[in-house]
Amino acid sequence: MVLLKTILILIIVYYGAKLLLKLLAPRMLKYAAKKAEEKFGSQFQGFEQNVEKVKQEGQTTVYKKSNPKSNPSKKVGEYIEFEEIE
């Protein structure tokens, strides 16, 4: 009888947890998404304010990428000569 009682309690706990997760999971995910959005928003908010201060209306800004100088003497590989065999 104790074995049946234990199995019944385990089944009830399993289905209770399953139901509870179905009800709470969407709310937990929505909360986590909201917090992530706030975190990313606060990081970009400071960047946007700095850009607005620097940029004035009618002013043109050109951004250049710095090209690192490649070393021409750097060996890339070994030269292999192929011959055609007839």
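Above this note sits the structure.
Each chain carries its own residue numbering, running from 1 in the direction its sequence is written. With pLDDT at 70 or above as the cut-off, local features in this predicted model cover only qualifying residues; side-chain atom pairs require 80 or more to be listed or tallied, and sums for whole chains, interfaces and linings still use all residues. Side-chain descriptors were evaluated using all non-hydrogen atoms of the structure, hydrogens and water having been removed beforehand.

Asker: Hey, could you go over the overall build of the protein for me, with residue numbers and the actual values?
Answerer: Looking only at helices and strands, one finds one helix and zero strands in the protein. Counting over 86 residues, the protein shows a buried share of 0%. Carbon together with sulfur atoms contributes 62% to the accessible area of the protein, which is approximately 9,900 Å² in total. Helix numbering and strand numbering both begin at the N terminus, where a helix is a DSSP run of H or I of at least 4 residues and a strand a DSSP run of E of at least 2. For every residue, the accessible area (1.4 Å probe, protein chains only) is compared with the maximum for its type, and the residue is labelled buried under 20%, exposed over 50%, or partly exposed between those bounds. Exposure was quantified through the Shrake-Rupley algorithm and a 1.4 Å probe, taking into account, for residues, occlusion by the shown protein chains and nothing else.

Asker: Summarise the packing of aromatic side chains; cite the residues concerned and give the values.
Answerer: Pairing of aromatic side chains requires ring centres within 6.5 Å, counting the rings of Phe and Tyr and the six-membered ring of Trp. Pairs whose planes differ by under 30 degrees are stacked, by over 60 edge-to-face, and all others tilted. This structure, assessed with the given rule, holds one aromatic pair. Aromatic pair Tyr14 and Tyr15: ring centres 5.1 Å apart, planes at 75°, arrangement edge-to-face. Judged by its relative accessible area of 52%, Tyr15 falls in the exposed class.

Asker: An account of the pattern of salt bridges is needed here, citing residue identities and associated values.
Answerer: In the sections that follow, a salt bridge refers to a side-chain nitrogen of Lys or Arg positioned within 4 Å of a carboxyl oxygen of Asp or Glu. Enumeration according to the criterion identifies one salt bridge in this entry. In this structure, the salt-bridge partner of Lys35 is Glu38, at a minimum N-O distance of 3.9 Å. Of the two residues, Lys35 and Glu38 are both situated in helix α1 (residues 2-54); the distance of three residues between them amounts to about one turn of the helix.

The values reported here are purely geometric and, on their own, carry no functional implication.
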